[in-house]
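One letter stands for each residue in the lines below.
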Amino acid sequence: DGLRQRGASATFFLVGERLAGNEDLVLRMQREGHQIGNHTYSHPSLTKLSADEMMYQTDQTDQRVANLTSYTPKLLRPPYGAVNTVMKSNIQKPFVLWSIDTQDWKTQDKNKILQEVLGKVKDGDIILMHDYYASSVEAALQVPEGHVYAFEQKEEGCALIRANAEKAGVKNLT
């Protein structure tokens, strides 16, 4: 709702195994014009998997999202930001990383998160926060407009990462 109030769009990176039970939320994302990205099927570090296992992780999420929305994700947010040459050779999607990690999971303090962001942020930055902390969501909604947010998905649902990454020429698309 905070995005709608600001007239902002975002990219939500989804973990495939967490789509069940969140179908209405995913359809709302699509209906409101947000982009849907892939955050793997079960959130493993892809760099520790074989090429076949990597492809399973991305293909399963793509299929589940497409079955629900008729849209196949174009972007991948690799768990933990881990990328290697095997991934680059096998996964034919741009990888979306972040430029500022607020480490909000450590502080869970809105003011400390804002201090971290505002002390470092530049136009085009992607700011990593976790949406299952209310302090992170509150902080994100106070970041000046024109910056990019990155929310990592956990058990509750979905990941807000980026306001139209492809259009902005964001420097952290790998």
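None of the values given here were measured: they were computed from a predicted structure.

The rules behind the values
Residues numbered from 1 in each chain as written. Predicted model: local features only at pLDDT ≥ 70, side-chain atom pairs only at ≥ 80, totals over all residues. Heavy atoms only, no water. Core = buried A, V, L, I, M, F, W, Y, C linked by side-chain atoms within 4.5 Å. Buried < 20%, exposed > 50% of the residue type's maximum accessible area, 1.4 Å probe, protein only. Helix = DSSP H or I, 4+ residues; strand = E, 2+ residues; numbered from the N terminus. pLDDT = per-residue confidence, 0-100. Contact = heavy atoms within 4.5 Å. Pairing = 2+ DSSP bridges.

Considering the nonpolar core
Stage number 1. Membership of the largest hydrophobic core is limited to 10 residues, which are Ile 100, Ile 113, Leu 114, Val 117, Val 121, Ile 127, Met 129, Ala 139, Ala 140 and Val 143.
Stage number 2. Secondary structure elements with two or more residues in this core: α6 (110-118), β4 (126-130) and α7 (134-140).
Stage number 3. Per-element accounting of this core gives the leading share, three residues, to α6.
Stage number 4. By size, the runner-up hydrophobic cluster in this structure holds nine residues, among which are Leu 14, Leu 19, Met 29 and Ile 36.

A few points about the confidence of the model for the protein
Stage number 1. The predicted model of the protein has a mean per-residue pLDDT of 82, with 82% of residues at 70 or higher.
Stage number 2. Looking across the protein, the model is least confident in strand β6 (residues 159-162), with a mean pLDDT of 38, and most confident in helix α3 (residues 51-69), with 98.
Stage number 3. Ignoring residues within four places in sequence, the model shows residues 153-174, a span with pLDDT below 50, making 83 contacts including any to other chains.

Here's the deal with the pairing of strand β1 (residues 11-14)
Stage number 1. Taking every second residue as pointing to the same face, both faces of β1 are buried, with Thr 11 and Phe 13 on one and Phe 12 and Leu 14 on the other.
Stage number 2. Of the pairings in the sheet, the one linking β1 to strand β2 (residues 35-38) comprises four bridges and is parallel in character. Residue Thr 11 lies in a different strand from β2, and its bridge partner there is Gln 35.

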